[in-house]
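Each chain, written out:
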Amino acid sequence: MNKVVAGAEEAIKDIPSGATLMLGGFGLCGIPENCISAIVKKGINNLTCISNNAGVDDFGIGLMLQGRQVKKMIASYVGENAEFERQLLSGELEVDLIPQGTLATRCMAAGYGMPAVFLLAGIGTEVAEGKEVRNFNGKDYLLEEAFDADFAIVKAWKGDTMGNLIFKGTARNFSPMMAMAGKITIAEVEHLVPAGELDPNYIHVPGIYVHRIFEGKNYEKRIENRTVRKRM
Amino acid sequence: MALTKEQIAKRIAQELQDGFYVNLGIGIPTLVANYIPQGVNVVLQSENGLLGMGPFPFEGEEDADLINAGKQTVTTVPGSAFFDSAMSFGMIRAGKVDLTVLGAMEVADNGDIANWKIPKKLVKGMGGAMDLVAAAKNIIVAMQHTNPKGESKLLPKCTLPLTGIGCIKKVVTDLGVFDITPDGFKCLEYAPGVTIEEIKAKTAGRLVIADDVKEMAV
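Summary of the structure given here. (Residues numbered from 1 in each chain as written. Chains lettered and ligands numbered in written order. Predicted model: local features only at pLDDT ≥ 70, side-chain atom pairs only at ≥ 80, totals over all residues. Heavy atoms only, no water.)

**Some points on the overall build of chain B**
Item 1. When you go through chain B residue by residue, the secondary structure sums to five helices and 13 strands.
Item 2. Here the C-alpha radius of gyration of chain B, 17 Å, is about what a compact globule of 218 residues would show, namely 17 Å.
Item 3. Overall, the C-alpha framework of chain B stretches about 50 × 40 × 30 Å when taken along its three principal axes.
Item 4. Expressed as a percentage of its 218 residues, the buried residues of chain B come to 56%.
Item 5. For chain B, the exposed surface amounts to about 9200 Å²; the carbon and sulfur share of it is 53%. (Helix = DSSP H or I, 4+ residues; strand = E, 2+ residues; numbered from the N terminus. Rg over C-alpha atoms; globule rule 2.2 N^0.38 Å. Buried < 20%, exposed > 50% of the residue type's maximum accessible area, 1.4 Å probe, protein only. Areas by Shrake-Rupley, 256 points an atom, 1.4 Å probe, with all protein chains shown as cover.)

**With respect to the interface of chain A and chain B**
Item 1. Counting residues at the interface gives 50 residues for chain A, matched by 47 residues for chain B.
Item 2. Of the roughly 4200 Å² buried between chain A and chain B on both sides combined, carbon and sulfur atoms contribute 60%.
Item 3. Area buried by chain A at its contact with chain B is led by Thr170, Thr227 and Arg229 of chain A, which between them contribute 16% of it.
Item 4. Taking the shortest distance from any N to any O, the salt bridge between Lys168 of chain A and Asp63 of chain B comes out at 3.4 Å.
Item 5. Where chain A meets chain B, there are 28 residue pairs in polar contact (both at pLDDT 80 or more). (Contact = heavy atoms within 4.5 Å. Buried area = accessible area lost by both parts, 1.4 Å probe. Salt bridge = Lys/Arg side-chain N within 4 Å of Asp/Glu carboxyl O. Polar contact = N/O pair within 3.5 Å; in protein donor to acceptor, adjacent residues only side chain to side chain.)

**As for the side chain of Arg11 of chain B**
Item 1. Examined against the element boundaries, Arg11 of chain B turns out to sit in helix H1 (residues 5-13).
Item 2. Among all residues touching Arg11 of chain B, those that are not within four sequence positions of it are Val172, Val177, Glu189, Met216 and Val218 of chain B.

**Observations regarding unusual backbone geometry**
All names here are of chain A.
Item 1. If you check the backbone angles, Arg68 has positive phi at about 50 degrees while not being a glycine.
Item 2. Structurally, Arg68 is set in the loop between helix H3 (61-66) and strand S3 (70-75).
Item 3. Positive phi is not limited to glycine here, since Asn218 has a value of about 55 degrees.
Item 4. With respect to the helices and strands, Asn218 occurs in the segment after strand S11 (212-215).

**Observations regarding the environment of Ile209 of chain B**
Item 1. Along the chain, Ile209 of chain B falls in strand S13 (residues 207-215).
Item 2. C-alpha of Ile209 of chain B to C-alpha of Phe185 of chain B: the two residues are 24 residues apart in sequence and 8.3 Å apart in space.

**Considering the packing of aromatic side chains**
Residue and element names in this part refer to chain A.
Item 1. Applying the stated criterion across every chain, the model contains two aromatic pairs over all chains.
Item 2. Judged by centre distance (5.0 Å) and plane angle (65 degrees), the ring pair of Phe118 and Phe136 falls under edge-to-face. Within this pair, whereas Phe118 is found in strand S5 (residues 116-119), its partner Phe136 is found in strand S6 (residues 133-136), the two being separated by 18 residues in sequence.
Item 3. For Phe118, a relative accessible area of 29% translates into the label partly exposed.
Item 4. If you follow Arg106 out to its NZ or CZ, it ends over the ring of Phe147, 4.1 Å from the centre.
Item 5. Between Lys155 and the ring centre of Tyr219, over which it is positioned, the NZ or CZ distance is 5.0 Å. (Phe/Tyr/Trp six-rings, centres within 6.5 Å; stacked < 30°, edge-to-face > 60°. Lys NZ or Arg CZ within 6 Å of the ring centre and 35° of its normal.)

Listed below in structure tokens is the structure:
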């Protein structure tokens, strides 16, 4: 079993134009920087991207938008991105907005092998339009289908050669469910270690879900909204 | 005098009870954390995957891997926990979060809320707002009583696309505190210097005044 690849170029080498990708991260926190750069460099296009946000103008998925590589964005919040707005208003970009918890849970359902789940979010709103409604214990729920992604691309803090992943802080966000949901899952990690070095008690994503892994480099880890307090 | 944003936050903080798990939205709700009464211990939940959110870090101690739902750098308090987004919304959905405070563009007198989309203006998305309002067992809205044009935001029916239906229990505005009841908005408290007449004039939805209505203590 060899899941370790040399780097981002090799990890994404068979992603075709027109593919559906899941990309981990919340805002710019925990995004797979190396793979995004490689996708931008290679110019794969016509992509459907499932990710909570669409990055900022010059970082994250924003870089893929600049290259007109994204056909459709499935996200919960897409502010902070002028190029995104321009493409949306001009009709170049299709956007599907989904409640954040629904987005996470539709990823989770895919990773757990469940075709659909019943969720409360969006009942009585335009999100409910065209969806099946079922009543359980007096409450209406929407039938929400699991996502179907060709590739899931996530970034973890630590990983081992078996593909086991550990995340750090709030950089975990959507990545575990996405990692579990991809038909092919690519993980870039800050620290890649030999099998046996990670304590099995603290694994967030077992290696069975991860097909390719590599140690990323030159992480910028940009902060979107730096807030601090003064020392007394 | 109508309340400042800080005073609205301070009044909402009086609703916090010891042991509460609380989710604070962006804007005025975030300020509530600055006014938690002494002796009341609450755990702040940030829906991107953190229980036990602390204050902003000291300069130089910011961690790109530690942010809140507003993408601001934050810290953790002792006893905090990280988790993924599915679990985060799982605990919200399962009713484990005791109180959610969020902002709104409009609230209707039946508890409907609109706070995510203005037709013909650019839509940025609902984020976690729809999940929170659909599932949270206790929701307080923090907002200005009127919009910048001076029009009431407390309405008989929301005009903007809905975020959730029949879910809001209480509204705290710069003019007063209102419960949502079968009779509409029930004014429990008025801001110091604000008259009932002003509240009546600026509330478009059904409004009743509580028999024991009193001046807000802020």
